[in-house]
Amino acid sequence: ARGGHSFWNYLGVIEKHLSLAPDVVVVTVFGGNDFTDVLLLAHIFEGTNTRGLTPESKARRDEALAESRYILGQGYGTLLFFKDRPGELDFALNSSQRILEQIGITCRDTDAELLLLYLPSPLALSFEEAPQSEATVRALLGFDDEDLTLSSTLATRFLSLAADLEISTVDL
């Protein structure tokens, strides 16, 4: 995966390559950033305005980026955004659901089976020993243990809506 890609890109790739008549279409959703990456276009298409981080959160993010771009991009950026703008979480999930529905329809119309892989953010995983920079980034962003539960909540809600859409899903 490459930063900035989201459900919109997945749908576009499928539509672009329909002439290949695939039997199976595999879509991997990354819990670390796909739900924030969907927001910009979703707001444009809805005719609504997206708001970025507050100045305070931007300052914390910039400090964290100086410490570790990798860790921020693997899930902390998403947590920071949704902590800062909690109303955007439902909008992101609803937008993702609508696009996933379209992906499902596109696959059904072409007799391709859709397989959804959910790749969780590393924040949702347990490690014996986290990298030192992880603790520093977490402190810079002001996250506590409760803030980190958002990764699991996001995964649970997304996997539930995929199940409601009757999409074969593998939670990696």
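Structure first, text after, so check above.
Basis of the calculations
- Residues numbered from 1 in each chain as written.
- Predicted model: local features only at pLDDT ≥ 70, side-chain atom pairs only at ≥ 80, totals over all residues.
- Heavy atoms only, no water.
- Axes fitted to C-alpha atoms, helices over the stretch in contact; angles between N-to-C directions.
- Helix = DSSP H or I, 4+ residues; strand = E, 2+ residues; numbered from the N terminus.
- Parallel < 35°, antiparallel > 145°, perpendicular 65-115°, else oblique.
- Left-handed = near helix turned anticlockwise from the far one by under 90°.
- Contact = heavy atoms within 4.5 Å.
- Nonpolar A, V, L, I, M, F, W, Y, C, P; charged D, E, K, R; others polar.
- Salt bridge = Lys/Arg side-chain N within 4 Å of Asp/Glu carboxyl O.
- Buried < 20%, exposed > 50% of the residue type's maximum accessible area, 1.4 Å probe, protein only.
- 1 Å grid on protein atoms, 1.4 Å probe; cavity = no way out; pocket = protein on both sides within 12 Å on 5 of 7 lines; lining within 4 Å.
- Points joined across faces, edges and corners; volume = space filled by probe spheres on them.
- Core = buried A, V, L, I, M, F, W, Y, C linked by side-chain atoms within 4.5 Å.
- Pairing = 2+ DSSP bridges.
- Patch = residues over 30% accessible without salt bridge, like charges linked within 9 Å, V, L, I, M, F, W, Y side chains within 5 Å.
- Areas by Shrake-Rupley, 256 points an atom, 1.4 Å probe, with all protein chains shown as cover.
- Phe/Tyr/Trp six-rings, centres within 6.5 Å; stacked < 30°, edge-to-face > 60°.

### Quick notes on the packing of helix α1 (residues 7-16) against helix α6 (residues 87-109)
Working step 1: Direction vectors running N to C along α1 and α6 enclose 15 degrees, while the axes themselves pass 9 Å from each other. The angle between α1 and α6 places the two elements in the roughly parallel class. Note on packing geometry: the crossing formed by α1 with α6 is left-handed. Between α1 and α6, the contacting residues are F7, W8, Y10, L11, I14 and E15 on the first element and S96, I99, Q102, I103 and T106 on the second.
Working step 2: Taken together, the residues of the contact of α1 with α6 break down into 7 nonpolar, 3 polar and 1 charged.

### Some points on the pattern of salt bridges
Working step 1: Per the counting criterion, the structure on display carries 5 salt bridges.
Working step 2: In this structure, R98 and E46 form a salt bridge, with 3.3 Å as the shortest nitrogen-oxygen distance. Pair noted here: R98 is in helix α6 and E46 is in helix α3 (residues 39-46), with a separation of 52 residues, a long-range link.
Working step 3: R98 sits in the partly exposed class, given a relative accessible area of 40%.
Working step 4: Of the residues examined, E46 reaches a relative accessible area of 45% and is grouped as partly exposed.
Working step 5: One salt bridge in this structure joins D62 and R61, with 3.2 Å as the shortest N-O distance.
Working step 6: The partly exposed category is assigned to R61, whose relative accessible area is 27%.

### As for the layout of surface pockets
Working step 1: The computed volume of the largest pocket comes to approximately 500 Å³.
Working step 2: Lining the largest pocket are 19 residues, with T36, D37, R61, G77 and F81 sitting closest to its centre.
Working step 3: When residues in the lining of the largest pocket are grouped by element, the largest group, 6 residues, is from helix α5 (residues 69-84).
Working step 4: For the lining of the largest pocket, a count of residues per class yields 6 nonpolar, 8 polar and 5 charged.

### Structural notes on the nonpolar core
In summary, soluble globular proteins display a tendency toward joint burial of nonpolar side chains.
Working step 1: Grouped together as the largest cluster of nonpolar side chains are 45 residues, with contacts concentrated most on V27, F35, Y76, L100, I103 and F158.
Working step 2: Of all elements in the fold, only α1, β1 (24-30), α3, α5, α6, β2 (113-119), α7 (132-141) and α8 (145-164) reach the threshold of two or more residues within this core.
Working step 3: Ignoring anything within four residues of it in the chain, the contact list for F158 reads F7, V29, F35, L93, L100, L116 and Y118.

### Looking at the sheet that holds strand β3 (residues 168-171)
Backbone hydrogen bonds hold the strands of a sheet together, and the pairing may be parallel or antiparallel.
Working step 1: Spatially, 3 strands are ordered β1-β2-β3 in an open sheet, and the strand pairing comes out parallel. Edge strands, defined here as strands with exactly one partner in the open sheet, are β1 and β3. Going across the sheet, the axis of each strand differs from the next one's by a mean of 20 degrees, ignoring polarity.
Working step 2: Two elements, β1 and β2, share 7 bridges in a ladder whose sense is parallel.

### Structural notes on a nonpolar patch on the surface
Working step 1: On the surface, L40, L41, I44 and F45 cluster together into a nonpolar patch covering about 410 Å² of accessible area.
Working step 2: With respect to the helices and strands, the residue F45 is situated in helix α3.

### Thoughts on unusual backbone geometry
Working step 1: Its identity is not glycine, yet A21 carries a phi of approximately 50 degrees, on the positive side.
Working step 2: With respect to the helices, strands and loops of the structure, A21 is situated in the loop between α1 and β1.
Working step 3: Residue A21 is classed as exposed on the basis of its relative accessible area, which comes to 55%.
Working step 4: Here the phi dihedral of D111 falls at roughly 60 degrees; this positive angle occurs in a residue that is not glycine.
Working step 5: Note on placement: D111 falls in the loop between α6 and β2.

### Description of the packing of aromatic side chains
Working step 1: Within this structure, the stated rule accounts for 8 aromatic pairs.
Working step 2: Residues Y76 and F143 carry aromatic rings whose centres are separated by 5.4 Å and whose planes lie at 35 degrees to one another, so their mutual orientation is tilted. Within this pair, whereas Y76 is found in helix α5, its partner F143 is found in the loop between α7 and α8, the two being separated by 67 residues in sequence. Like F143, Y76 is buried.
Working step 3: For the ring pair Y118 and F158, a centre distance of 5.8 Å and an interplane angle of 35 degrees mean the geometry is tilted. Of the two residues, Y118 sits in strand β2 while F158 sits in helix α8, which places them 40 residues apart along the sequence.
Working step 4: For Y118, a relative accessible area of 2% puts it in the buried group.
Working step 5: Judged by relative accessible area, which is 0%, F158 ranks as buried.
Working step 6: Ring-pair connections join several aromatic residues into one group, and the members of that group are F7, Y10, F35, Y118 and F158.

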